[in-house]
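Commentary on secondary and tertiary structure
The lines below spell out each chain.
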Amino acid sequence: IKKAFAEFETEVGKKLYFRNVDQDLLDEFELYLIHGKNLAINTRGKYMQMLLVVFKYAQKKKLLSRDALMDLKIVVATEESDSIYMNEKELEAFGEYRNPDNPYLEFIRDMFLIAAYSSLRHSDFSRLTEKNFFDNRIRTIQKKVGRKAVISIHPMAKKVIGKYANGFTYECPKATQVFNELIREVAKDIKCLDYDVQKRITKGTKEITIVKKKWEWVSSHVCRRSFCTNEFLAGTNVELIMAMSGHTSYKSFKAYVKASLEEKADAIERIWEERYKHLRDEEQP
């Protein structure tokens, strides 16, 4: 946000101070994000959200008056994104990935799978050690929110974690961008991900469609979406999923469920089939 404001200062040709902060300045900055930087709606919303954090801290440090802050109206714009997730079969395909020439990529794959079966953020799974695994739980402190997390180890993750009972053989990249580049090296060799996927986003004032192969969309954030979506489709109680993922509101959790209408229809059919199987048994001769 500091960099964006520095660019904005260059654009308007003057130095900005907290004593100059008012609604007109705020509106002008948001227009700059739209037309000057041509940002997507969700990216722009994050900028404005972070700006509000900065202003609140400035008010706490007596750099901005309480009245000035209360007079500001900051709208954090968002739009529903067409973000992807990995279904169960695709995660199984990750598990089958082999690269004897580069075992480090297999380790990156393993970290991706641990996250996809636990909903951990990159800032959390990249800090894991063997000490975080005991009593069939992953126990850690979520770096982003500072809360304790106690996560049951998924059956599909047990064999992955078991490989590192004596410690991880490599260090997981702490930079998200580096991890994402490496996991895409893995994903591009997984055949079931080699098909076109489109995402619609609003950049600036225009809605655009971006088409890439599914493997090109793979990132660390796909892990949380995959966990939430797969458990939701499997019929797991939402409150239990949220307890694992760390979401504190259904609204924020819902944004991570990326199942299509067809997938949701299939899921409820499976639930009904299990619930009413006694009726089928009664119909048998």
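Residues numbered from 1 in each chain as written. Predicted model: local features only at pLDDT ≥ 70, side-chain atom pairs only at ≥ 80, totals over all residues. Heavy atoms only, no water.

Further remarks concern the overall build of the protein. Check the secondary structure of the protein and you find 14 helices and 5 strands. Along the first, second and third principal axes, the C-alpha atoms of the protein reach 80 × 50 × 35 Å. Residues classed as buried in the protein amount to 41% of the 285 residues present. Long-range pairs, those at least 24 residues apart, make up 61% of the contacts in the protein with a sequence separation of at least 6. Put simply, the protein shows about 17300 Å² of open surface, and 51% of that area lies on carbon and sulfur atoms. (Helix = DSSP H or I, 4+ residues; strand = E, 2+ residues; numbered from the N terminus. Buried < 20%, exposed > 50% of the residue type's maximum accessible area, 1.4 Å probe, protein only. Contact = heavy atoms within 4.5 Å. Areas by Shrake-Rupley, 256 points an atom, 1.4 Å probe, with all protein chains shown as cover.)

Overall, the coordinates contain 12 salt bridges when judged by the stated rule. Members of the salt-bridge network, linked through shared partners, are Lys3, Glu7 and Lys37. (Salt bridge = Lys/Arg side-chain N within 4 Å of Asp/Glu carboxyl O.)

What follows concerns the side chain of Ser119. Following the sequence through the fold, Ser119 ends up in the loop between α6 (103-116) and α7 (122-125). Since its relative accessible area comes to 2%, Ser119 is described here as buried. A polar side-chain atom of Ser119 sits 3.3 Å from the main-chain carbonyl oxygen of Met244. Not counting the four nearest positions on each side in its chain, Ser119 is found in contact with Arg224, Phe227, Met244 and Ser245. (Polar contact = N/O pair within 3.5 Å; in protein donor to acceptor, adjacent residues only side chain to side chain.)

With that settled, consider the packing of aromatic side chains. Following the criterion strictly, the structure yields 15 aromatic pairs and no others. Here Phe107 and Tyr164 contribute two aromatic rings whose centre-to-centre distance is 5.9 Å and whose plane-to-plane angle is 80°, an arrangement assigned as edge-to-face. On the criterion of sequence distance, the pair formed by Phe107 in helix α6 and Tyr164 in the loop between α8 (155-162) and α9 (176-187) is long-range, its members being 57 residues apart. For Phe107, a relative accessible area of 2% gives the class buried. A relative accessible area of 7% means that Tyr164 is categorised as buried. The interplanar angle of 45° and the centroid separation of 5.1 Å between the aromatic rings of Tyr164 and Phe168 together place this pair among those described as tilted. Three or more aromatic residues joined by ring pairs make a cluster, and in this case those are Tyr104, Phe107, Phe133, Tyr164, Phe168 and Tyr170. Here the guanidinium or amino end of Arg19 rests over the ring plane of Tyr17, the centre of that ring lying 4.6 Å away. (Phe/Tyr/Trp six-rings, centres within 6.5 Å; stacked < 30°, edge-to-face > 60°. Lys NZ or Arg CZ within 6 Å of the ring centre and 35° of its normal.)

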